[in-house]
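A structural walkthrough
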Amino acid sequence: MINHLITLEEFIIRSQNRFDGATGELSQLLRDIGLAAKIVSREVNKAGITNLLGRHGSENVHGESVKELDVFADEQIKSALARSGIVSMMISEESNELIRLESSSGKYIVFFDPLDGSSNIDVNVSVGTIFSIYSRKSPREEPARESDALQRGDSQSAAGYVLYGSSTMLVYTTGMGVSSFTLDPSIGEFMLSDDDIRIPDFNPLYSINEGNASGWPVGVKEYISYIKQVDPETMRPYSLRYIGSMVSDLHRTLLLGGIFLYPPNVSNPQGKLRLMYECNPMGYIIEQAGGLAIDGKGSVLETVPQSIHQTAPVYMGSRKNVEKLQEFLRRYG
Ligand code: P6P
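All figures in this text were calculated on a predicted structure; none of them were measured in a lab.

Regarding the site of the ligand
Lining the immediate surroundings of the ligand are D116, G117, N209, Y242, G244, S245, M246, F260, Y262, K272, L273 and E278. Side-chain polar atom of D116 to an oxygen atom of the ligand: 2.5 Å apart, as the coordinates give it. Protein burial of the ligand: of its 400 Å² of free accessible surface, 82% is covered by the chains.

Okay, here's the thing in structure tokens:
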């Protein structure tokens, strides 16, 4: 129970003091991301009355149409990261290539999806920003290398998301549990809501796009059929909740429990969600909160990345929910 108001900045400083030898750079980076989130939140929440709605006309690296707010969010985050002076390279869903920054001595590499779920913007469904932070491995006096970006998800220094919903929330982890903050727009501060989120061990909730069922692996088909059977003892049938915005679906899963699934399907044989700026950051948060995040074989965070925009199948949520799925994947493949 939080018995007095703590701002994001205050919490970050306190957390930094728990890290021996912390230089304050990660704290500064998290504060810069928090500022960009406030600016994006202001525009998302008033998009309905400005000209930011609708398509920007361009397409991103995946051939998806880009909306004005996507571009705005992308620009805000890029300038916040560039201004920090501690980021040497960044990769955005909206940019084909990785972006090296003049301050190439910066300690961190940042992946981000500036406005995930943006297809929901025009219908006023919540969308989110996702970020994933790595320490670079190459010598800091040299320009950052692509190998600095191709690190496994279990090497992340920090990961988080901003959910622009009925309220704007920032949720992040630096590897010492998961904390959440709610934006108080009247004072422009993210206020601490929960300093140690733990995902429930089980909940009969599942989140998947049933429209793709014909292309799922057999093990997934058998699992989904199993959880729809009637058996009160095992709380079946489960309830289906699917918003179609990963940050929203996983924020609900983090707080209520259950399982989120995006398996391979006919149009996405390697899965649809991007490993580096969707699966890894969200998976890191779920695992830090006590859940599981797998790609159908093992932890998605152990995947050795081959390219910055690659996709991966992903199944994540409450431990018992994911373990039950794993039984079916082992039995049916
Ligand atoms: P589908 C949004 O476009 C997104 O990248 C994620 O936010 C979301 O989980 C997924 O795609 C939804 O995909 O195929 O169900 O529309």
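That shown, we press on.
As for the environment of E210
Along the polypeptide, E210 turns up in the loop between β11 (205–207) and α5 (218–228). Once the C-alpha coordinates of E210 and L240 are considered, the two residues, 30 residues apart in sequence, prove to be 9.4 Å apart. Those residues in contact with E210, other than ones at most four positions away along the chain, are W216, I224, K228 and L240. One polar contact links E210 to Y206, side chain to side chain, over a distance of 2.8 Å. Of note is the side chain of E210, whose polar atom sits 3.1 Å from the side chain of K228.

Overview of the packing of helix α6 (residues 246–256) against helix α7 (residues 275–288)
Viewed as axis vectors pointing N to C, α6 and α7 meet at an angle of 15°, and their least axial separation amounts to 11 Å. The angle between the axes of α6 and α7 places the two elements in the roughly parallel class. Note that α6 runs across α7; the crossing there is right-handed. Contacts between α6 and α7 involve M246, V247, L250 and L254 on the former and, on the latter, E278, C279, M282, I285 and I286. By residue class, the composition of the contact of α6 with α7 is eight nonpolar, no polar and one charged.

Some details on the sheet that holds strand β14 (residues 292–294)
Here five strands make up an open sheet; going across it, the order is β12-β11-β13-β15-β14 and the pairing mixed. Each of the sheet's edge strands pairs with one partner strand only, and the pair in question is β12 (239–240) and β14. Where β11 meets strand β13 (residues 259–262), two bridges bridge the pair, whose relative direction is parallel. Paired with S207 across the two strands is F260, which belongs to β13. Strands in contact with helix α8 (residues 319–332) are β11, β13, β14 and β15 (314–317); relative to β14, the strand with the most contacts, it is inclined by about 30°.

Examining the sheet that holds strand β10 (residues 189–194)
Spatially, β4-β3-β5-β6-β7-β8-β9-β10 is the arrangement adopted by the eight strands of the open sheet, whose pairing is mixed. Each edge of the sheet is formed by a strand with only one pairing partner; in this case those strands are β4 (99–100) and β10. Two elements, strand β5 (residues 108–116) and strand β6 (residues 127–135), share seven bridges in a ladder whose sense is antiparallel. Bridge pairing links D113 to I130 in β6. The sheet strands contacting helix α2 (residues 25–46) are β3 (87–92), β5, β6, β7 (158–164), β8 (168–173), β9 (178–184) and β10, and the helix crosses β6 at an angle near 165°. Against the sheet, α6 engages β5, β6, β7, β8 and β9, with an angle of about 105° to β7.

The rules we used
- Residues numbered from 1 in each chain as written.
- Predicted model: local features only at pLDDT ≥ 70, side-chain atom pairs only at ≥ 80, totals over all residues.
- Heavy atoms only, no water.
- Near = heavy atom within 4 Å.
- Polar contact = N/O pair within 3.5 Å; in protein donor to acceptor, adjacent residues only side chain to side chain.
- Areas by Shrake-Rupley, 256 points an atom, 1.4 Å probe, with all protein chains shown as cover.
- Helix = DSSP H or I, 4+ residues; strand = E, 2+ residues; numbered from the N terminus.
- Contact = heavy atoms within 4.5 Å.
- Axes fitted to C-alpha atoms, helices over the stretch in contact; angles between N-to-C directions.
- Parallel < 35°, antiparallel > 145°, perpendicular 65-115°, else oblique.
- Left-handed = near helix turned anticlockwise from the far one by under 90°.
- Nonpolar A, V, L, I, M, F, W, Y, C, P; charged D, E, K, R; others polar.
- Pairing = 2+ DSSP bridges.

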